[in-house]
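# Residue-level structure breakdown
Residue-level listing of the chains:
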Amino acid sequence: MEFYQIRYFLAAADQLNFTRAAEVCAVSQPALTVAIRKLEEELGGQLFLREHGRVSVTEFGRTMRTHLARIDEMRARAERSAREMLDEGRAEVNLGIYSTIGPAFVGRGLAGFRRAEPGTRLVLYDCWGPRAYDLLLSGAFDVAIVARHAPPPPRIRARRLYDEPMVLAMAADHPLAACRVTVDDLEGVVYFDRLRCEFRAEIQAMLERRGIRLNTVMRSEPEDWVQAAIAAGEGVSVMPRDQIFTPGVVARTIEGFDYGRAIEVATVEGRAIPAAAERLVAHLGSMAWEMPPMSAAGD
């Protein structure tokens, strides 16, 4: 039995999809399938049922998952201890952060921790959407900072840090910047579509129900591209309030627009994490995260 076989099995048990599990493990699907088949042969039982294109874990697989998860956790602990000893005692925390969380979080939330923990190295990873949870469950991250507006996946333990509203971002001299903005004001407005917005489908469906049509002129994943276009005065976009970081871009509340999300620090239920990661979670949870009020019009 090899450690990589255990890792592949646990990823497949989490995903219940061999293609997605292979992506999480950064291997080809055939390689993952062969490794799991060899593991089944070594253990002497079937771990998965594959019927009509669906994958489920067998009763034998559920029992083995408990034992193999412990083995994988012990392996991860040993690797972390070895790294810390070989790196002059420097602890390391692998931290995934939602790419739509504003960069101010890094300065405010992590700078204080670094001052208190000068011997800890933080390795930050940009992630988004379900992939953040997938990588957390796979063990690639010790901790993840996520933005959530729906129930978390199984095995995820989340601690709320603060709530963040969705707002309308525009140039300071945009006509709507001097108004009280309502949903109806979005009719025909030049709009930049943020492809990484977790509310994107919900907002589009709501606007369609109300008969409001956006004049969408650009779609983009990178947030800085969207904000550069907004700062040039060409249009507006709905985005998280604290994501706005470009000079010249202002935020306005939208009356009758009740979309918001919780910013949370997430770990895997029942999985031990490095002591430094535990201290990071405690540090973030102890902070006062209240955000200053924002005006509906004017600065």
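All values derive from a computational prediction rather than experimental measurement.

About the cut-offs
Residue numbers restart at each chain and count upward from 1, following the sequence in its written direction. Note on the predicted model: pLDDT of at least 70 is required for a residue's local features to be given, and 80 or more for side-chain atom pairs to be given and counted; whole-chain, interface and lining totals, by contrast, use all residues. Side-chain metrics in this entry use all non-hydrogen atoms of the structure; hydrogen atoms and water are not considered. By salt bridge we mean one thing: a side-chain nitrogen of Lys or Arg within 4 Å of a carboxyl oxygen of Asp or Glu. Starting at the N terminus, helices and strands are each numbered in turn, a helix being any DSSP run of H or I of at least four residues and a strand any DSSP run of E of at least two. Burial classes: relative accessible area under 20% of the type maximum marks a residue as buried, over 50% as exposed, and values in between as partly exposed (1.4 Å probe, protein chains only). For two strands to be treated as a pair, DSSP must find no fewer than two bridges joining them. Crossovers are described as right-handed under a simple rule: with the strands pointing away from the observer, the path leading from the first strand over the helix to the second runs clockwise. Axis geometry follows a simple rule: fit a line to the C-alpha atoms, using only the stretch in contact for helices, then measure angles between N-to-C directions, giving values from 0 to 180 degrees. Relative orientations are named as follows: roughly parallel for angles under 35 degrees, roughly antiparallel for angles over 145 degrees, roughly perpendicular for angles from 65 to 115 degrees, and oblique for any other angle. Throughout, a contact is declared for two residues whenever any of their heavy atoms are within 4.5 Å. Residue polarity follows a fixed list, in which Ala, Val, Leu, Ile, Met, Phe, Trp, Tyr, Cys and Pro are nonpolar, Asp, Glu, Lys and Arg are charged, and the others, Gly among them, are polar. Rotating anticlockwise by less than a right angle from the far helix to the near helix defines a left-handed crossing, while the corresponding clockwise rotation defines a right-handed one. pLDDT measures the predictor's confidence residue by residue and takes values from 0 up to 100.

Here the focus is the pattern of salt bridges. As enumerated under the stated definition, the model contains 18 salt bridges in all. When the shortest N-O distance is used, the salt bridge between Arg-180 and Glu-255 registers 2.8 Å. Of this pair, Arg-180 sits in the loop between strand 6 (156-171) and strand 7 (181-182) while Glu-255 is found in strand 12 (residues 254-255), placing the two residues 75 residues apart along the sequence. Judged by its relative accessible area of 57%, Arg-180 is exposed. Counted as one network, the salt bridges with shared partners bring together Asp-14, Arg-65 and Arg-155.

Turning our attention to the pairing of strand 8 (residues 190-194). Among the five residues of strand 8, four are classified as buried, and the element is accordingly described as predominantly covered. In this sheet, strand 9 (residues 215-220) lies alongside strand 8 in parallel orientation, the contact comprising five bridges. When the sheet's bridge partners are listed, Arg-194 is paired in strand 9 with Ser-220. Handedness of the crossover joining strand 8 and strand 9 through helix 7 (residues 200-209): right-handed.

Another aspect to go through is helix 6 (residues 130-138). With seven of nine residues buried, helix 6 is to be regarded as a mostly interior element. Taken residue by residue, helix 6 has Ala-132, Tyr-133, Asp-134, Leu-135, Leu-136, Leu-137 and Ser-138 as its buried positions. Residue Gly-139 follows helix 6 closely and has a positive phi angle near 95 degrees.

Attention now goes to the packing of helix 2 (residues 18-25) against helix 3 (residues 29-43). Between helix 2 and helix 3, the shortest axis-to-axis distance is 9 Å and the interhelical angle comes to 100 degrees. Between helix 2 and helix 3, the angle is such that the two are roughly perpendicular. For the pair helix 2 and helix 3, contact is made by Phe-18, Thr-19, Ala-21, Ala-22 and Cys-25 and by Gln-29, Leu-32, Thr-33 and Ile-36, respectively. For the contact of helix 2 with helix 3, the per-class residue count stands at six nonpolar, three polar and no charged.

What follows is about the packing of helix 1 (residues 3-15) against helix 2. One can describe the packing of helix 1 onto helix 2 by two numbers: an axis separation of 8 Å at closest approach and a directional angle of 130 degrees. Here helix 2 runs oblique to helix 1, going by the angle between their axes. You can see that helix 1 and helix 2 cross each other, and the crossing is right-handed. Where helix 1 abuts helix 2, its residues Arg-7, Tyr-8, Ala-11, Ala-12 and Gln-15 lie against Phe-18, Arg-20, Ala-21, Val-24 and Cys-25. Counted by class, the contact of helix 1 with helix 2 contains seven nonpolar, one polar and two charged residues.

If you trace the backbone, Glu-269 turns up in the loop between strand 13 (260-268) and helix 9 (275-286). Along the sequence, Glu-269 and Arg-155 sit 114 residues apart, while their C-alpha atoms lie 5.0 Å from each other.

Positive phi values are uncommon outside glycine, yet Ala-26 reaches one of about 60 degrees. As for its placement among the helices and strands, Ala-26 is situated in the loop between helix 2 and helix 3. A residue is classified by how much of its surface remains accessible, and Ala-26, at 69% relative accessible area, is exposed. The backbone of Arg-155 shows a phi angle near 75 degrees, a positive value even though the residue is not glycine. The residue Arg-155 is located in the loop between strand 5 (143-148) and strand 6 in this model. For Arg-155, a relative accessible area of 31% puts it in the partly exposed group.

What follows concerns the confidence of the model for the protein. Residues at a pLDDT of 70 or more form 93% of the protein, whose mean pLDDT is 85. The weakest mean pLDDT in the protein belongs to helix 4 (residues 59-86) at 78; the strongest belongs to strand 8 at 94.

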